[in-house]
Amino acid sequence: MNESNGCDIAREKVNMETSQIAWKELQRFFAAGAAVFVAPDLDLVDAAYQFSIDNKDQVALWMQNNQIALVSDQQATDWFEADVAVWAVVVKPWILVQK
């Protein structure tokens with residue numbers, strides 16, 4: 001298997017682990033500081049894949065551009081009150097979420 005196929009398989013695995021879930025179901029992860037917001041202009045699967053391969057440079061760039069950050073208290077409150085469903089994927093120890 002070449003490197004490209006391995007990368008494609010890893011991305012597909014991340015994609016299959018992505019699902020929609022009520023924000024209210026993720027409160028314990030938010031409280032633990034493990035809920036990471038992914039901006040709508042980013043591909044959630046790509047972000048999760050970069051986390052999974054520990055691509056610190058790419059994640060740092062996204063953080064500098066405010067495209068990835070811990071879910072803020074205001075976001076959490078707004079989503080909770082509006083009973084929002086988010087797309088989420090687990091990349092231990094994080095839960096990446098996108099509205």
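Data block above holds the structure.
Student: Which residues make up the side chain of Q67, and what values do they have?
Tutor: Looking at the secondary structure, you find Q67 in the loop between α4 (56–64) and β3 (68–70). In terms of polar contacts, Q67 uses its side chain to reach the side chain of D41, at 2.8 Å. Setting aside anything within four residues of it in sequence, one finds Q67 in contact with F37, V38, A39, D41, L42 and W62.

Student: Go over the environment of N66 with me, naming the residues and quoting the values.
Tutor: Locating N66 in the fold gives a position in the loop between α4 and β3. Separated by 28 residues in sequence, N66 and V38 have C-alpha atoms that sit 9.0 Å apart.

Student: Quick rundown of the sheet that holds β3? Include the residues and the values.
Tutor: If you walk across this open sheet you meet the five strands as β1-β4-β5-β2-β3, and the pairing is mixed. For this open sheet the edge positions go to β1 (19–22) and β3, each flanked by a neighbour on one side alone. The average angle at which neighbouring strand axes cross in this sheet is 40 degrees, direction not considered. Looking at chain direction, strand β2 (residues 35–38) and β3 are connected through three bridges and run antiparallel. Following the sheet pairing, V38 is matched in β3 by I68.

Conventions and cut-offs
- Each chain has its residues counted from 1, running along the sequence as written.
- In keeping with the model being predicted, local features are shown solely for residues with a pLDDT of at least 70 and side-chain atom pairs are shown and tallied solely at 80 or more, while totals for entire chains, interfaces and linings include all residues.
- Excluding hydrogens and water, the side-chain values take into account all heavy atoms of the structure.
- The helix and strand labels rest on DSSP assignments: H or I over at least four residues marks a helix, E over at least two residues marks a strand, and numbering proceeds from the N terminus.
- Under the rule applied, a polar contact is a pair of N or O atoms within 3.5 Å (in protein, one hydrogen donor and one hydrogen acceptor; residues adjacent in sequence only if both atoms are side-chain atoms).
- Contacts were defined at the residue level, with two residues in contact if any of their heavy atoms lie within 4.5 Å.
- Two strands are counted as paired when DSSP detects at least two bridges linking them.
- Fitted lines through C-alpha atoms serve as axes, helices being fitted only where they are in contact, and the angles separating the N-to-C directions of these axes extend from 0 to 180 degrees.

The analysis is restricted to geometry; functional conclusions fall outside its scope.
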